[in-house]
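Examination of the molecular architecture
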Amino acid sequence: MKLQKRVLVFAVTLLTGFAAMSQAGSGFGIKAGFNYNQNGDLIAGVGDAAEDIIQGSDGKVGYQIGVFYKRKLAKIYLRPELIYTKTASSYELNGATNTYDISKLDLPVLLGVKVVGPLHVFAGPAFQYLLENDLENFSINEAENDFTVGLHLGAGVNLGKLGFDVRYERGFSQNEANFVSDNITPEINGRVDSRPSQVILAVSLKL
């Protein structure tokens, strides 16, 4: 846990340094967007039933907001971002729809290349720090790991200082949290995978 927090502090410090450099005109900007997210499977048991219920999630719309720094390196560019992300998905349990909300800090470190005209493509690892998770109508524990790594892959266009991109994010490893129902009989308990799988639409502005 201490190592994970040190890595996160290092990443934030690194991005802050990039931002300070950008005040001289070297590529700092802000961004915001919407995401359509689905988390991993939920596995639950109802009462004393021996068989588990395995339930996939339904996607819902969330949002994100953050900052970035873009540095050109010959024909390619490096773009670290620091983003606050709110995601949502839902599960059907015992005849009810239960929303699973997650708040996290993301630090994608993207490497991109211009394809033609204003079009560019990019990819890179995304370091994720889970801030909070909440499953409607259930008491839920913290996820197994606060700090995880995923992948961002996408394409975008730049129109002057304004940019638009679409990307896909996928968590690499399963990251489960245990839960138990609140005031529901029979009791429902199990675990849910907080790993994200989402499509993100974003707009950015270079300052």
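Look up: the structure comes first, before these words.
All figures in this text were calculated on a predicted structure; none of them were measured in a lab. (Residues numbered from 1 in each chain as written. Predicted model: local features only at pLDDT ≥ 70, side-chain atom pairs only at ≥ 80, totals over all residues. Heavy atoms only, no water.)

**Re the overall build of the protein chain**
Heads up, the condition is: A run of H or I in DSSP counts as a helix once it spans at least four residues, and a run of E counts as a strand once it spans at least two, with each numbered from the N terminus. Whether a residue is buried, partly exposed or exposed follows from its accessible area with a 1.4 Å probe, protein chains only, as a fraction of its type maximum: under 20%, in between, or over 50%, in that order. Shrake-Rupley sampling with a 1.4 Å probe provides the accessible areas, and residues are treated as covered by the protein chains on show and by no other component.
Looking only at helices and strands, the protein chain has 1 helix and 14 strands in total. Relative to its full complement of 207 residues, the protein chain shows a buried share of 44%. Summed over its atoms, the accessible surface of the protein chain is roughly 10,800 Å², and 60% of this surface lies on carbon and sulfur atoms.

**Here's the deal with the packing of aromatic side chains**
How we decide: Any Phe, Tyr or Trp ring, taking Trp's six-membered ring, that has another such ring centre within 6.5 Å forms a pair; planes under 30 degrees apart are called stacked, those over 60 apart edge-to-face, and the others tilted. Lysine and arginine charges are scored as sitting over a ring when NZ or CZ, respectively, is within 6 Å of the ring centre and within 35 degrees of the ring normal.
A complete count under the given rule lists 4 aromatic pairs for this structure. Judged by centre distance (6.4 Å) and plane angle (55°), the rings of Tyr 91 and Tyr 100 are tilted. The class of Tyr 91 is buried, set by a relative accessible area of 0%. We classify Tyr 100 as buried; its relative accessible area is 0%. Taken together, a centroid distance of 6.4 Å and an interplanar angle of 20° make the contact between Phe 127 and Phe 147 stacked. One end of the pair, Phe 127, is in strand β8 (residues 119-135); the other, Phe 147, is in strand β10 (residues 147-159), with 20 residues separating them in the sequence. If you follow Lys 70 out to its NZ or CZ, it ends over the ring of Tyr 77, 4.4 Å from the centre. Taking the ring centre of Phe 68 as reference, the NZ or CZ of Arg 79 above it sits at 3.8 Å.

**Observations regarding the pairing of strand β13 (residues 188-193)**
Regular strands place side chains that alternate from one sheet face to the opposite one. Spelled out, the test is: Whether two strands pair comes down to DSSP finding at least two bridges between them.
With 5 bridges joining them, strand β2 (residues 42-46) and β13 adopt antiparallel strand pairing. Counted as the bridge partner of Val 46 is Ile 188 from β13. Counted between consecutive antiparallel strands, the loop separating strand β12 (residues 176-181) from β13 contains 6 residues, among which Asn 183 sits at a positive phi close to 55°.

**Considering the pairing of strand β7 (residues 96-116)**
Bridge count between strand β6 (residues 76-93) and β7: 16 bridges; the pairing is antiparallel. Bridging across to β7, Pro 80 finds its partner in Val 109. Pairing of β7 with β8, which is carried by 14 bridges, proceeds in the antiparallel orientation. Counted as the bridge partner of Gly 112 is Phe 122 from β8. Adjacent in sequence and paired antiparallel, β7 and β8 are bridged by 2 residues, among which Gly 117 carries a positive phi angle near 55°.

**Some details on the pattern of salt bridges**
Condition: Take a side-chain nitrogen of Lys or Arg and a carboxyl oxygen of Asp or Glu: if they are within 4 Å of each other, that pair is a salt bridge.
Within this structure, the stated rule accounts for 8 salt bridges. In this structure, Glu 169 engages Lys 104 in a salt bridge whose closest nitrogen and oxygen atoms are separated by 3.0 Å. Placement of Glu 169 in strand β11 (residues 162-171) and of Lys 104 in strand β7 is noted, with a sequence separation of 65 residues between them. Across this residue pair, the class does not change: Glu 169 and Lys 104 are buried. Ionic pairing is found between Glu 176 and Arg 191, a salt bridge with its closest N-O pair at 3.2 Å.

**Some thoughts on the nonpolar core**
What counts is decided by this rule: Buried Ala, Val, Leu, Ile, Met, Phe, Trp, Tyr and Cys residues form a nonpolar core when they are joined through side-chain atoms within 4.5 Å.
By size, the foremost hydrophobic cluster in this structure holds 15 residues, and its most contacted members are Leu 42, Tyr 100, Leu 135, Ile 140, Phe 179 and Val 192. Residue assignment for this core shows that the elements contributing at least two residues are β2, β6, β7, β8, β9 (138-140), β12 and β13.

**Some points on unusual backbone geometry**
You will see that Asn 137, though not glycine, has its phi angle at about 75°, which is positive. Note that Asn 137 resides in the loop between β8 and β9. Assessed through its relative accessible area of 39%, Asn 137 is described here as partly exposed.

**Notes on a positive patch on the surface**
The condition is simple: Like charges within 9 Å and nonpolar side chains (Val, Leu, Ile, Met, Phe, Trp, Tyr) within 5 Å are joined into patches, using only residues over 30% in relative accessible area that form no salt bridge. Two residue types count as positive, namely Lys and Arg, and two as negative, namely Asp and Glu; His and chain ends fall outside the count. Taken as the charge location is NZ of Lys, CZ of Arg, CG of Asp or CD of Glu.
On the surface, Lys 72, Lys 114, Lys 161 and Lys 206 cluster together into a patch of positive charge. Within the fold, Lys 72 resides in strand β5 (residues 71-73). For Lys 72, a relative accessible area of 70% puts it in the exposed group.

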